[in-house]
Amino acid sequence: MTDHQATTTSVLTLTPAMPSPDAPTWAGAAWVGAVDRQEALAASAVELAGAEGFRRARLLVRDGREIAGFVDVAVDASGDVDPAELGPALRALRATGLPAAATGTPVGRVSVVIGTRDRPDAVRRVVRSVLASEYYDFEVFVVDNAPSTSATRDVVASFADDRLHYVLEARPGVSRARNAGLALASGAVVAFVDDDVVVDRHWLAALADAYARDADVDCVTGLVPSGELRTPTQRYFDERVTWARNTERRVFRTSAPPADLPLFPFSVGAFGTGANMSLRRSAALALGGFDVALGPGTPARAGEDPDVFTRVLFSGGALAVEPTALVWHEHRADRAALRSQALGYGTGLGAWVAKLVLRPRTAVAVFRRAVGALRQLGALGQGPGTDQVATPVDGVGAWTADEEFLAATAGLKRVELTAALGGPWRYVLGRLRRG
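Residues numbered from 1 in each chain as written. Predicted model: local features only at pLDDT ≥ 70, side-chain atom pairs only at ≥ 80, totals over all residues. Heavy atoms only, no water.

A closer look at the overall build of the protein chain
The cut-off we apply is this: Put simply, DSSP H or I for four residues or longer makes a helix, DSSP E for two residues or longer makes a strand, and each gets a number counted from the N terminus. For every residue, the accessible area obtained with a 1.4 Å probe (protein chains only) is divided by the maximum for its type, and the residue is called buried under 20%, exposed over 50%, and partly exposed between those limits. Exposure was quantified through the Shrake-Rupley algorithm and a 1.4 Å probe, taking into account, for residues, occlusion by the shown protein chains and nothing else.
Secondary structure assignment for the protein chain yields 15 helices and 19 strands. Residue burial in the protein chain is summarised as follows: out of 435 residues, 55% are buried. Per element, the accessible surface of the protein chain, about 17,800 Å² overall, is 55% carbon and sulfur.

Thoughts on the pairing of strand β13 (residues 217-222)
Rules: One requirement defines pairing of two strands: DSSP has to find at least two bridges between them.
Burial within β13 is extensive, with six of its six residues counted as buried. Bridge analysis of β13 against strand β16 (residues 318-322) gives five bridges, and the strand direction is parallel. Of the residues in β16, the one forming a bridge with Val217 is Ala318.

A closer look at the packing of helix α10 (residues 335-358) against helix α11 (residues 360-368)
The following threshold applies: Only the contacting stretch of a helix is used when fitting its axis, a line to C-alpha atoms as for every element, and angles between N-to-C directions run 0 to 180 degrees. An angle counts as roughly parallel when it lies under 35 degrees, as roughly antiparallel when it exceeds 145, as roughly perpendicular when it falls between 65 and 115, and as oblique in every other case. Note on contacts: a residue pair qualifies if any of its non-hydrogen atoms lie within 4.5 Å across the two residues. Gly is placed with the polar residues, together with every amino acid not listed as nonpolar (Ala, Val, Leu, Ile, Met, Phe, Trp, Tyr, Cys and Pro) or charged (Asp, Glu, Lys and Arg).
Look at α10 against α11: their axes get within 5 Å of each other, and the N-to-C directions meet at 115°. As judged from the angle between their axes, α10 and α11 are roughly perpendicular. Taking contact as the criterion, the partners of Lys355, Leu356, Val357 and Leu358 in α10 are, on α11, Pro360, Thr362, Ala363, Val366 and Phe367. Broken down by class, the residue content of the contact of α10 with α11 amounts to seven nonpolar, one polar and one charged.

Structural notes on unusual backbone geometry
The omega torsion of the bond from Phe264 to Pro265 falls at 5°, within 30 degrees of zero and hence cis. Mapped onto the elements of the fold, Pro265 is located in the loop between β14 (250-252) and β15 (276-280). The backbone of Asp118 sits at a positive phi, close to 55°, despite the residue not being glycine. Along the chain, Asp118 falls in the loop between β8 (110-116) and α3 (120-131).

Here's the deal with the sheet that holds strand β10 (residues 164-169)
Taken together, eight strands build an open sheet; the order of strands is β10-β9-β8-β11-β15-β13-β16-β14 and the sheet is mixed. This sheet does not close on itself; its edge strands, each paired only once, are β10 and β14. In this sheet, adjacent strand axes meet at a mean angle of 20° when their direction is disregarded. Of the strand pairs in this sheet, β8 and strand β11 (residues 189-193) are connected by five bridges, and their pairing is parallel. Paired with Val112 across the strands is Ala191, a residue of β11. Taken strand by strand, helix α5 (residues 174-184) contacts β8, β9 (138-145), β10 and β11, and its axis lies near 145° from that of β9. Where helix α6 (residues 203-213) meets the sheet, its contacts fall on β8, β9, β11, β13, β15 and β16, and the angle it forms with β13 comes to roughly 145°.

Notes on the environment of Ala180
Tracing the chain through its elements places Ala180 in helix α5. With residues near it in sequence (within four places) discarded, Ala180 still touches Val143, Val167 and Glu169.

Focus: the packing of aromatic side chains
Quick reminder of the rule: In this analysis, rings of Phe, Tyr and Trp, with Trp reduced to its six-membered ring, are considered paired at centre separations within 6.5 Å, and the interplanar angle assigns stacked below 30 degrees, edge-to-face beyond 60, and tilted for intermediate values. We call a charge positioned over a ring when the NZ of a Lys or the CZ of an Arg lies within 6 Å of the ring centre and within 35 degrees of the ring normal.
For the structure on display, the rule yields 10 aromatic pairs. Ring plane angle 80° and centroid distance 5.1 Å describe the contact between Phe192 and Phe290, whose orientation is recorded as edge-to-face. You can see Phe192 sitting in strand β11 and its partner Phe290 sitting in the loop between α8 (281-287) and α9 (304-314), a full 98 residues away along the chain. Given a relative accessible area of 0%, Phe192 falls into the buried group. One aromatic cluster in this structure is built from Phe252, Phe264, Phe271 and Phe309. Sitting above the plane of the Phe290 ring, Arg178 keeps its charged end 5.3 Å from the centroid. Above the plane of the ring of Phe70 lies Arg245, whose end atom (NZ or CZ) is 5.6 Å from the centre.

Now the structure itself:
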């Protein structure tokens, strides 16, 4: 679903990352997909499937499996990309090189855990993409978390694939769902994705290669670009999260704090997101799995992924960001859903900080970075005037601030900030309930 196919020797047709039968209704919408740089440069024309109603396109540019970056280009009325604009944009991106040679042991089997609740259509989509992975040995666990119907079980049964397993976790909470999958996993590496993603066919191989390159790596996260940019709220979310554009391959260790991350190892966003993360099974078990007082389905509503990232680092393990381990993410499409997500992120951030402060070892590290952390937290409350996005008004390069975007996203940063202030007591509540 994320890759291209050539319809002739000269015309390259690209398919959208997350196809939809409906044309967009927002003028600022962008078609989203991936393109191989050399194939695009060699083609006489590049056309986009399903591009009706779009005036711009965001293309993830690859050199084989390597990620070169993103380009934003105009789309004409017939759904084609202007070669005069695309060619220079492609050439302007950085050259990619091969990753470092492996120094660790190949991981062999990878276990994939997908936590979900009452989203059968989303489960069908993500499972289909995982089963299409080009990796030689993997298993998949779909963990049905406190379901209200049998719909997810039915979807899993419909695949009739021996690699796919259904797991019921009756107690609510994504951390419980992930722990249930972890307990059953037989792979040396356990990869976790949410049900609102589509994985690239190279995703599992890229994760496995990242572990093999560095023997001390206990956690690998991947790139999570926006799979859709059809609405103002999707664009807002895309602009707010850093992990949507983490295209640089990095390895983080507490023994060598990065100079560009003054809040390290509490650098929210720089490490990735729980929508695309993996752990060595041995390390995950040694850490005790995910904290069941954090994450969706708990009073804290989020915070389970930065908690795991920092625990890996404080335990002495390394955390690798591997951009070629790619999954596309479907952002919330309307204001109500995005507001709920902002509440969750803010609450989870506050809950996670509370947990850090309650533990002596991490409390010292938090207080040393308190000024910078408060500055970052305060930035969440900035007014809507900073939430501007440039959108085309004539399809050929004239841009203006989008009033529909501003109206749809006004005040969301303040919602997140207010929620963060209530996170600590919600974490305590979750601890009391986690029996």
